[in-house]
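Spelled out, the chains give:
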Amino acid sequence: MGRTTVACAAGRGPYQRQVERWLRLAVDGRQSAADCEAVRAFQTRQGIKPANGYAGPVTWARMRLLSARTAPTDTGTEGASGDAAGPATGAVSDPASGSAAGPASGAATGGASGPAAGVVASGGCPVRSYRVACVDLRRQLTWVQKGGKTLFGPVAMRSGGAGHRTRTGWFRIYWKHKNHWSSLYNAPMPYAQFFSGGQAFHAVHGSIHTTGGSMGCVNLRLADARKLWSVLKTRDHVYVWGRRPGS
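The model shown is predicted, which means the values in this text are computed figures rather than measured ones.

A.B. asks: Can you walk me through the state of the cysteines in this structure?
C.D. replies: Disulfides are covalent bonds that connect the sulfur atoms of two cysteines. For the coordinates displayed, the defined rule picks out two disulfides. Each sulfur in the disulfide pair Cys8 and Cys36 lies 1.9 Å from the other. With the S-S bond torsion at -75°, the cross-link from Cys8 to Cys36 turns out left-handed. Within this pair, whereas Cys8 is found in the segment before helix H1 (16–22), its partner Cys36 is found in helix H2 (residues 33–46), the two being separated by 28 residues in sequence. Classification of Cys8 by relative accessible area gives buried; the value is 13%.

A.B. asks: Which parts of the structure should I look at to understand H2?
C.D. replies: Residue pairs three or four apart in sequence face the same way in an α-helix, which turns once every 3.6 residues. Its 14 residues give H2 an end-to-end C-alpha distance of 20 Å, which sits within 8% of 20 Å, the value for a rise of 1.5 Å per residue. With its phi angle positive at about 75°, Gly47 sits one or two positions after the end of H2.

A.B. asks: Honestly, the nonpolar core in this entry has me stumped. Any pointers?
C.D. replies: Soluble globular proteins: nonpolar side chains tend toward being buried together. Ranked by size, the top nonpolar core spans 22 residues in total, and within it Val135, Phe195, Phe201, Leu220 and Val238 carry the most contacts. Counting residues per element, the ones that place at least two in this core are strand S3 (131–136), strand S5 (149–156), strand S8 (187–196), strand S9 (199–203), strand S10 (218–220), helix H4 (222–231) and strand S11 (237–241).

A.B. asks: How do you make sense of the pattern of salt bridges when you look at a structure like this?
C.D. replies: Where charged atoms from two side chains of opposite charge come close, those side chains can pair. Taken as a whole and judged by the stated rule, the model has five salt bridges. One salt bridge in this structure joins Arg30 and Asp28, with 3.7 Å as the shortest N-O distance. What makes Arg30 exposed here is its relative accessible area of 57%. Across the pair Arg139 and Asp136 runs a salt bridge, and its minimum N-O distance is 2.6 Å. In this structure Arg139 comes out as buried when scored by relative accessible area, which is 1%. Given the relative accessible area of 0%, Asp136 is considered buried.

A.B. asks: Even after reading the chapter, I still don't get a nonpolar patch on the surface, so can you show me in this structure?
C.D. replies: Together, Leu184, Tyr185 and Met215 make up an exposed nonpolar region whose accessible area comes to about 340 Å². With respect to the helices and strands, Leu184 occurs in the loop between strand S7 (175–182) and S8.

Procedures and definitions
- Residues numbered from 1 in each chain as written.
- Predicted model: local features only at pLDDT ≥ 70, side-chain atom pairs only at ≥ 80, totals over all residues.
- Heavy atoms only, no water.
- Disulfide = S-S within 2.5 Å.
- Helix = DSSP H or I, 4+ residues; strand = E, 2+ residues; numbered from the N terminus.
- Buried < 20%, exposed > 50% of the residue type's maximum accessible area, 1.4 Å probe, protein only.
- Expected span 1.5 Å × (residues − 1).
- Core = buried A, V, L, I, M, F, W, Y, C linked by side-chain atoms within 4.5 Å.
- Salt bridge = Lys/Arg side-chain N within 4 Å of Asp/Glu carboxyl O.
- Patch = residues over 30% accessible without salt bridge, like charges linked within 9 Å, V, L, I, M, F, W, Y side chains within 5 Å.
- Areas by Shrake-Rupley, 256 points an atom, 1.4 Å probe, with all protein chains shown as cover.

Written as C-alpha cells, this is what we have:
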C-alpha cells in the first residue's frame, strides 16, 4: 500500500516574499498551495525539519547561505528586507595596511578622510591583502577573506537585535578565550573572539535562527565557531556593516 502524501497546509511565513523571490515564484506575499509545495520541496532537498512549507527563518537563512557560497561579497538583489548593505552611518574609515592595533578594548582604528587603497566590493566587504573577518548584518552571514580568496565560510550567524545592535565599522580581534563565561549574562561563550568591547564571535547552544537577535555578539553554530577560532588570530581585522532586519 502506497504512502499517502499529506497536503501542504502551512500558512504565510515571516519571510514569504523573500522565499518566493528566491524560488522564482510569483511574489505576492501570500501563501498558496503551490507556494507551500515549492517551499516544502526545497526544505526536503536541504534536510530542513520539519519540511512543512513554512517560509520561516531557518529556510530563509539557508537560501541566503546558498546564494553567498560562490561569491560572498556579491550581495546581489536576493530580495532580503531591511536596510541597504552599505556601512551604517558612523562607520569609521578603513585602516591602512600595517596600521596600529588601536586601543586594547578592540575599538576600531582609522580616522583618515577616505578608505585605504584596495579593492572594495560594491556594498560588501573590503578586499585586502590581509585577513578580514566580514560580518554582513543585513544578510546575517559571516566569512573570512584574504585578497580574493575566501578562507572561511560564509556561514549563518545571529547578530545583535533591537537595543543591542552589533557595532559597525573596522575593528581588530583583541582577545581570544576558548572557554569564556559571561559574568554579565551568566552564560557560556565558547570560542569567544572579542573585537569591540564586550562584543565577540562565539558559539551558542541551540538555534541561531531566531526572530530576536543576540545581545550584540556575533553568534555562531558550535562547529562554525570552532573552525573560525582556528582561522582568526589576535590583531586580525574585522569589518561589520549593514543592519539586521527588524533591529
